[in-house]
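Architecture at a glance
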Amino acid sequence: MSKGLVCFDISKNERFQLADNYKMLHRKVKINWKVEQSDGELKKERLQRVNIFVLAGPQDRFTEEEFQVLKEFVDKGGRLLVMLGEGGEQEFNTNVNFFLEQYGIYINNDTVVRSHYYKNFHPKECIIGGGVVCESMWRHLIKQDIEKVDYDFSDEKYKIHFQYPYGATLNVSEPANVLLSTGPVVYPFNRPLAGYYTNERGGKILAIGSGYMWHDKYLQNDKTNDALLEYFMQLLGGNEIQYSHLDFNDVEINDNKTFTDIA
């Protein structure tokens, strides 16, 4: 079976690059996929043979024509992965929300912090527990070889801890769904971190507020982030992961509030 093609855009001065801080990600992805980079303007012909197109922290603006190309790509069944980081669009000087908003997803100009020291030294290098909110997703992860944290009192999903460094929160509304949230221990509480949209032609968009999740520094010693990467590639790459409305039944999401100064 020939490998599908994952293409990383590098035409928008992307912050996360395969040759730089995504070397481990590159090694892991190319086991099952053909990996290429695209450094020219986004054109329809360029995306025709691509299965998963990745915008890994774009730091320039897209043109209207380019957004039209992406829209057609998704409408016809293409899969798109979009990642930013803390400070959102403002910090990255891009306009990708303009595109994502059509699908019910918006990456905020904020930062997620953990209020007390836990494993990582910087409060923005958050370790999140109870943040996998999609039912079948956490059931899948709990069976993987990941480090699980046992609390006596709680739900199985709280055993799963993942790293979410230097990331932003999202606003997610219909027709998109929330896959990850900040959970109950990280500020701001219970806010979306990953939004997922799919259409009837098999087109998919996965937007994540932190491209640092798979930065070499955090991927090499974190089995959970590794398992999440594998899961998301499977979700975007194939059709075997299907969600039902039950997966998003008891997702607890708080309203977006802003804390101004947390220094």
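Here is a short report on the structure shown in this document. As the structure is a computational prediction, the values presented were derived from the model and not from experiment.

Some words on the sheet that holds strand 10 (residues 177–181)
Pairing between the strands of a sheet comes from backbone hydrogen bonds, and it takes one of two forms, parallel or antiparallel. Strand order in the open sheet formed by seven strands is 2-1-3-4-13-12-10, and the pairing between neighbours is mixed. The open sheet has two edge strands with one neighbour each: strand 2 (33–38) and strand 10. With direction set aside, neighbouring strand axes in the sheet form an average angle of 20°. Pairing of strand 10 with strand 12 (residues 192–198), which is carried by four bridges, proceeds in the antiparallel orientation. The residue of strand 12 that forms the bridge with L180 is A194. Against the sheet, helix 3 (residues 64–75) contacts strand 3 (52–56), strand 4 (79–83), strand 12 and strand 13 (204–208), and its axis sits at roughly 130° relative to strand 4. Most of the contacts of helix 8 (residues 223–237) go to strand 13, to which it runs at about 155°, and overall it touches strand 1 (4–9), strand 2, strand 3, strand 4, strand 10, strand 12 and strand 13.

A closer look at the nonpolar core
Side chains of nonpolar character tend, in soluble globular proteins, to be buried together. Counting 53 residues, the largest nonpolar core has M137, L179, L180, I208, W214, F232 and Y243 as its most contacted members. In terms of residues, this core owes the most to one element, helix 8, which gives eight residues. Once residues lying within four places of it in the same chain are set aside, the contact partners of L179 are G131, V132, V133, C134, M137, A194, Y196, L206, F232, L235, Y243 and F248. L5, C7, V50 and L55 belong to the second-largest nonpolar core, a separate cluster that totals 29 residues.

Considering the pairing of strand 8 (residues 161–165)
In terms of burial, strand 8 is largely enclosed, as five of its five residues are buried. Relative to strand 8, strand 7 (residues 125–129) runs antiparallel, the two being bridged by five bridges. Paired with I127 across the strands is Q163, a residue of strand 8.

Some thoughts on the environment of N190
Structurally, N190 can be placed in the loop between strand 11 (186–187) and strand 12. Those residues in contact with N190 that sit more than four places away from it in its chain are S181, T182, G183, P184, E252, I253 and N254.

Considerations on the environment of D75
With respect to the secondary-structure elements, D75 resides in helix 3. When its relative accessible area of 29% is taken as the criterion, D75 is described as partly exposed. For D75 and R27, which are 48 residues apart along the polypeptide, the C-alpha to C-alpha distance reads 30 Å. Once you skip the residues sitting within four places of it in the chain, D75 turns out to touch Y103, N199 and R201.

Focus on the pattern of salt bridges
In this structure the tally under the stated criterion is ten salt bridges. For R139, the salt bridge is made with E135, and the minimal N-O distance between the two is 2.5 Å. A residue pair is termed a helical-turn pair when its members lie 3 or 4 positions apart in one helix, as R139 and E135 do in helix 6 (residues 135–142) at four residues. By relative accessible area, which is 23% here, E135 ends up partly exposed. Between D145 and K223 there is a salt bridge; the shortest N-O distance is 3.0 Å.

Basis of the calculations
Residues numbered from 1 in each chain as written. Predicted model: local features only at pLDDT ≥ 70, side-chain atom pairs only at ≥ 80, totals over all residues. Heavy atoms only, no water. Pairing = 2+ DSSP bridges. Helix = DSSP H or I, 4+ residues; strand = E, 2+ residues; numbered from the N terminus. Axes fitted to C-alpha atoms, helices over the stretch in contact; angles between N-to-C directions. Contact = heavy atoms within 4.5 Å. Core = buried A, V, L, I, M, F, W, Y, C linked by side-chain atoms within 4.5 Å. Buried < 20%, exposed > 50% of the residue type's maximum accessible area, 1.4 Å probe, protein only. Salt bridge = Lys/Arg side-chain N within 4 Å of Asp/Glu carboxyl O.

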